[in-house]
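Topology and contacts: notes
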Amino acid sequence: MKKTGILNRDVSALVAQMGHYDTLIVSDAGFSVPPGVPCVDLTLSAGSPTVDEVVAMVGRELQVERFHFADEAVAVLGDRAADILSVFPEASAQSIPHVDFKKMATGARGMIRTGDCRAYANVILVSGVIY
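Brief notes about unusual backbone geometry
That bond from serine 48 to proline 49 is cis: its omega, -10°, falls within 30 degrees of zero. In this structure, tyrosine 21 takes a positive phi of about 75° despite not being glycine. If you trace the backbone, tyrosine 21 turns up in the loop between α1 (9-16) and β1 (23-27). We note that tyrosine 120 has phi near 65°; this positive angle belongs to a residue other than glycine.

And the structure:
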């Protein structure tokens, strides 16, 4: 039995499949799964787990060089870039209109849906390399 890191086998496998520039969506409970994008649903209840909790766990195993979030998140969540930069301090942050965020999501390697009920909490992580 695995005893460290991501214990959920589906999330662990998804992270292990990531290559350079692949994208991984960590979404709130209401974000639509783009057609053809594999989704691991971690929703336990309204609010649990949060996007930030899942991002922090993924951050222990995935090299991220860039991430995207919706422009609209700032009005609802405050400094969204700072929240995610606390996990990936060397990554670059880019906010984009939510409509463009949804378009970008269609090409993702995979998606992890959380129980987060905060509007615009979604993040697209762009994988990097460790060398």
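After that view of the structure, there is still more to cover.
Considerations on the layout of surface pockets
To find leftover empty space, a probe the size of one water molecule is rolled over the atoms. Space inside the largest pocket adds up to approximately 150 Å³. When residues in the lining of the largest pocket are grouped by element, the largest group, four residues, is from helix α2 (residues 51-59). Tallied by class, the residues present in the lining of the largest pocket amount to eight nonpolar, one polar and one charged.

Re the environment of serine 92
By secondary structure assignment, the location of serine 92 is in strand β4 (residues 92-96). Counting along the chain gives 48 residues from serine 92 to leucine 44, while the straight-line C-alpha distance between them is 31 Å. The residues contacting serine 92, other than those within four sequence positions of it, are Glu65, Arg66 and Phe67.

A look at the sheet that holds strand β5 (residues 110-113)
Spatially, six strands are ordered β2-β5-β1-β6-β3-β4 in an open sheet, and the strand pairing comes out mixed. Looking at which strands have only one partner, the edges of the open sheet turn out to be β2 (39-41) and β4. Averaged over all pairs of adjacent strands, the angle between their axes in this sheet comes to 20°, without regard to strand direction. In this structure, β2 lies alongside β5, joined through three bridges in parallel fashion.

Remarks on the environment of leucine 42
Take leucine 42: it is sitting in the loop between β2 and α2. A relative accessible area of 19% means that leucine 42 is categorised as buried. Separated by 76 residues in sequence, leucine 42 and arginine 118 place their C-alpha atoms 16 Å apart. The residues touching leucine 42, leaving out its near neighbours within four places in the chain, are Asn8, Val11, Ser48, Pro49, Val54, Ile112 and Arg113.

Side note on the packing of aromatic side chains
A full pass over the atoms with the stated rule returns two aromatic pairs. Ring geometry for phenylalanine 31 against phenylalanine 101: centres 5.7 Å apart, planes inclined by 90°, an arrangement best described as edge-to-face. Placement of the pair is phenylalanine 31 in the loop between β1 and β2 and phenylalanine 101 in helix α5 (residues 98-105), with a sequence separation of 70 residues. Sitting above the plane of the phenylalanine 31 ring, lysine 102 keeps its charged end 6.0 Å from the centroid.

Cut-off values and rules
Numbering of residues begins from 1 in every chain and follows the order in which that chain's sequence is written. Where totals are concerned, whole chains, interfaces and linings use all residues; where local detail is concerned, this predicted model gives features only for residues with pLDDT of at least 70, and gives and counts side-chain atom pairs only at 80 or more. The side-chain quantities take in all heavy atoms of the structure and omit both hydrogens and water. Secondary structure elements are taken from DSSP: a helix is a run of H or I of four residues or more, a strand is a run of E of two residues or more, and numbering for both begins at the N terminus. Points on a 1 Å grid over protein atoms alone make up a cavity when a 1.4 Å probe fits among them but cannot get out, and a pocket when they form an open set with protein on both sides within 12 Å along at least five of seven lines; lining residues each have an atom within 4 Å of a point. Grid points are joined across faces, edges and corners, and a volume is the space filled by probe spheres set on the points. Only Asp, Glu, Lys and Arg are considered charged, only Ala, Val, Leu, Ile, Met, Phe, Trp, Tyr, Cys and Pro nonpolar, and every remaining residue, Gly among them, polar. We call two residues in contact when some of their heavy atoms are within 4.5 Å. Here, a strand pair is defined by DSSP locating no fewer than two bridges between the strands. Angles here are taken between N-to-C directions and fall from 0 to 180 degrees, while the axes themselves are lines fitted to C-alpha atoms, restricted in helices to the stretch in contact. Type-normalised accessible area, obtained with a 1.4 Å probe on protein chains alone, sets the label of each residue: buried when under 20%, exposed when over 50%, and partly exposed for intermediate values. Ring pairs shown here join Phe, Tyr and Trp side chains whose ring centres sit within 6.5 Å, with only the six-membered ring taken for Trp; geometry is labelled stacked below 30 degrees between planes, edge-to-face above 60, and tilted in between. Whether a charge sits over a ring depends on NZ of Lys or CZ of Arg being within 6 Å of the ring centre and within 35 degrees of the ring normal.

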